[in-house]
Amino acid sequence: MNRHIALQLLISFLLGTLALSQKKVADHVKGRHAVDEKVKEDSLEELKEKGGNLFKVGEEVLLLPEVESNLNFDQPKRFPSKKNIQKQKEARDGCFWGRLYIEHWPSPIQYMQAHFGLPAPEGDLKFVLAPDTHSCEEYQVGGGATEGELPVAVIALRGVCTFGNKARAAAKAGAALLVVVNTEAGLEHLPAPDAHDVAISVVSVPRDEGGVLLGHLDRALRPNTAPGSVRGRAVPIMCGARSECRPPLVADQDYIRDLPIG
């Protein structure tokens with residue numbers, strides 16, 4: 001009997017010790033978590049005090065870069081000389097809007113250059129649809145890899161992932177241009193604080209015109225349908241002192257003049 005009581009007392013003691021240890025561990029973890037959260041809050045406060053602008057992507061808090069836009073809205077009002085190709089290209093790269101010209105398309109589609117990425121690529125492009133529609137997942141489009149092959153412009157719908165993610169996916173796929181079709185009324189310069197260094201040009205087009213273009217590409221690129229590819233060009237536009245708006249690059253002007261319409 002005494003042995004039985006002693007055994008019960010020993011078991012009770014061990015259970016009590018275990019419960020106390022578990023409580024200490026839980027308190028330690030809770031305290032450590034509180035410390036980590038406090039450090040995180042202190043770090044965020046320090047960033048804010050230093051002038052850091054924070055933004056949130058999902059659950060991740062990121063710091064805005066010092067350069068919030070690659071665009072320069074103070075464009076010169078004087079068109080470069082027709083003989084100075086270098087100045088024409090500099091003016092072209094400084095444009096913050098333009099028009100997409102698609103072969104056999106009835107009218108150009110206005111676009112806005114994104115706050116991030118590269119200037120619009122020069123020359124003809126082959127327009128294709130993003131395989132996942134939104135350019136959020138990894139894919140391959142090629143373009144320009146072999147001699148005579150046109151660089152690729154990917155058309156994608158707005159939504160599902162950030163503009164930065166869309167641009168990175170398109171750049172990794174080998175595209176030279178990403179065209180984001182707005183899903184709301186209006187047109188804007190797309191922001192991507194987390195992707196200012198992405199090596200691709202990004203533009204946005206209006207919902208209605210972009211939707212028609214998406215439908216056209218979908219039909220044109222299906223198997224056993226014509227045409228086999230859709231060609232076009234992104235043409236930056238600048239406006240002079242007299243509100244005359246046209247491409248600063250003479251080569252783009254010649255392209256528009258000779259473009260097949262309808």
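In what follows, the structure referred to is the one given above.
Only a predicted model underlies this, so the values are computations on that prediction, with no experimental measurement involved.

Bringing the overall build of the chain into the picture now. The helix and strand tally for the chain stands at five helices and eleven strands. For the chain, with 262 residues in total, the buried portion stands at 35%. Pairs at least 24 apart in sequence give 69% of the contacts found in the chain among residues at least 6 apart. Carbon and sulfur atoms form 55% of the exposed surface of the chain, whose accessible area is close to 15,700 Å².

Bringing helix α3 (residues 163-173) into the picture now. Those residues of α3 that fall on the buried side of the exposure criterion are Phe163, Gly164, Lys166, Ala167, Ala169, Ala170 and Ala173. Against the buried residues of α3 lie β6 (152-157), β7 (177-181) and β8 (201-205). Once α3 finishes, glycine 174 follows within two positions and takes phi at roughly 100°, a positive value.

Right, let's talk about the state of the cysteines for a bit. One pass over the structure, following the stated rule, counts two disulfides. The partner cysteine of cysteine 136 in its disulfide is cysteine 161, sulfur to sulfur 2.1 Å. Because the torsion about its S-S bond is -90°, the bridge between cysteine 136 and cysteine 161 counts as left-handed. Pair noted here: cysteine 136 is in the loop between β5 (125-129) and β6 and cysteine 161 is in the loop between β6 and α3, with a separation of 25 residues, a long-range link.

What follows is about the pairing of β7. Of all five residues in β7, five are buried, a share of seventy percent or more. Residues Leu177, Val179 and Val181 of β7 are buried on one face, and the alternating residues Leu178 and Val180, pointing to the opposite face, are buried as well. Each parallel crossover has a hand, and the one from β6 via α3 to β7 is right-handed. Both β7 and β8 contribute to a ladder of five bridges, which runs parallel. Each residue of the ladder has a partner; that of valine 180, found in β8, is serine 204.

Conventions adopted
Residues numbered from 1 in each chain as written. Predicted model: local features only at pLDDT ≥ 70, side-chain atom pairs only at ≥ 80, totals over all residues. Heavy atoms only, no water. Helix = DSSP H or I, 4+ residues; strand = E, 2+ residues; numbered from the N terminus. Buried < 20%, exposed > 50% of the residue type's maximum accessible area, 1.4 Å probe, protein only. Contact = heavy atoms within 4.5 Å. Areas by Shrake-Rupley, 256 points an atom, 1.4 Å probe, with all protein chains shown as cover. Disulfide = S-S within 2.5 Å. Right-handed = clockwise from strand over helix to strand, strands pointing away. Pairing = 2+ DSSP bridges.

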